[in-house]
Amino acid sequence: MRIKAVSFAVPVERYEKAKEYFRKLTGVEPEEEVLKFPKIRVARFEVGGATLEVMTPSGEGSHIAGFLKRHGGGVVSITLEGVKAERFDVPLEGGGFLAPEFLAGTVLKVEG
């Protein structure tokens, strides 16, 4: 098993600070984009075969607005590769999403 990606959500007013933090931490310049469908702005840091993503809303109706309202920010998802998801009754034969209650809103994405 390996961690493929970790996604963090931050409010709009903390996005630049979070981006600078991960830039210093990783020594990598992020690739940035605004995704129209989920209405999020994303800074991606590719580090050692894994991706760290800093996300913030980019407009009304953003898909992470609810998470930010409930939690104020934090880890939104962790993508794991090489895990046997079938034992958790996950669809897609070896991949899918898990939302354990104890992770307080964070989703585990499992890829075969």
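Shown above is the structure to which this text applies.
Model, not experiment: these values are computed from the prediction.

1. Observations concerning the sheet that holds strand β5 (residues 74-81)
Logical step 1: What the seven strands build is an open sheet, ordered β2-β3-β4-β1-β5-β7-β6; its pairing is mixed. A single partner strand is all that each edge strand has here, and the edge strands are β2 (31-35) and β6 (96-98). Between one strand and the next, the sheet's axes are offset by a mean angle of 20°, whatever the strand orientation.
Logical step 2: As defined by bridge partners, β6 adjoins strand β7 (residues 107-111) across three bridges and the pair is classed as antiparallel.

2. Looking at the packing of aromatic side chains
Logical step 1: Tallied over the entire structure, the rule returns three aromatic pairs.
Logical step 2: Taken together, the ring pairs in this structure connect Phe-8, Tyr-21, Phe-22 and Phe-45 into an aromatic cluster.

3. Notes on the nonpolar core
Logical step 1: Membership of the largest hydrophobic core is limited to 10 residues, which are Val-6, Phe-8, Val-10, Tyr-15, Ala-18, Phe-22, Ala-43, Phe-45, Leu-52 and Val-54.
Logical step 2: Broken down by element, this core gets its largest block of residues, three residues, from helix α1 (residues 15-26).
Logical step 3: Excluding its chain neighbours within four sequence positions, the residues that come into contact with Tyr-15 are Val-10, Glu-32, Arg-41, Val-42, Ala-43, Val-54 and Thr-56.
Logical step 4: Listed in part, the eight residues of the second largest apolar core include Ala-9, Val-42, Met-55 and Ile-64.

4. Structural notes on unusual backbone geometry
Logical step 1: Backbone geometry places Lys-39, a non-glycine residue, at a positive phi of 55°.
Logical step 2: Within the secondary structure layout, Lys-39 lies in the loop between β2 and β3 (40-47).
Logical step 3: At Ala-104, a position not held by glycine, the phi torsion is positive, near 50°.
Logical step 4: In this structure, Ala-104 sits in the loop between β6 and β7.
Logical step 5: For Ala-104, a relative accessible area of 45% gives the class partly exposed.

5. Re α1
In an α-helix, one turn spans 3.6 residues; hence positions three or four apart end up facing the same way.
Logical step 1: Between its first and last C-alpha atoms α1 spans 16 Å; for 12 residues at 1.5 Å apiece the expected length is 16 Å, and the two agree.
Logical step 2: When we look at burial in α1, the residues that qualify are Tyr-15, Ala-18, Lys-19, Phe-22 and Thr-26. Projection of α1 onto a plane perpendicular to its axis shows the buried side chains occupying an angular sector of 100°, all on one side. In α1, the exposed positions angled more than 90 degrees off the buried face are occupied by Lys-17, Tyr-21 and Lys-24.
Logical step 3: Those residues of α1 hidden inside the fold are in contact with β1 (2-9), β2, β3 and β4 (50-57).
Logical step 4: One or two steps after α1, the chain reaches Gly-27, where phi turns positive at roughly 75°.

What counts and what doesn't
Residues numbered from 1 in each chain as written. Predicted model: local features only at pLDDT ≥ 70, side-chain atom pairs only at ≥ 80, totals over all residues. Heavy atoms only, no water. Pairing = 2+ DSSP bridges. Helix = DSSP H or I, 4+ residues; strand = E, 2+ residues; numbered from the N terminus. Axes fitted to C-alpha atoms, helices over the stretch in contact; angles between N-to-C directions. Phe/Tyr/Trp six-rings, centres within 6.5 Å; stacked < 30°, edge-to-face > 60°. Core = buried A, V, L, I, M, F, W, Y, C linked by side-chain atoms within 4.5 Å. Buried < 20%, exposed > 50% of the residue type's maximum accessible area, 1.4 Å probe, protein only. Contact = heavy atoms within 4.5 Å. Expected span 1.5 Å × (residues − 1). Arc of directions from axis to C-beta.

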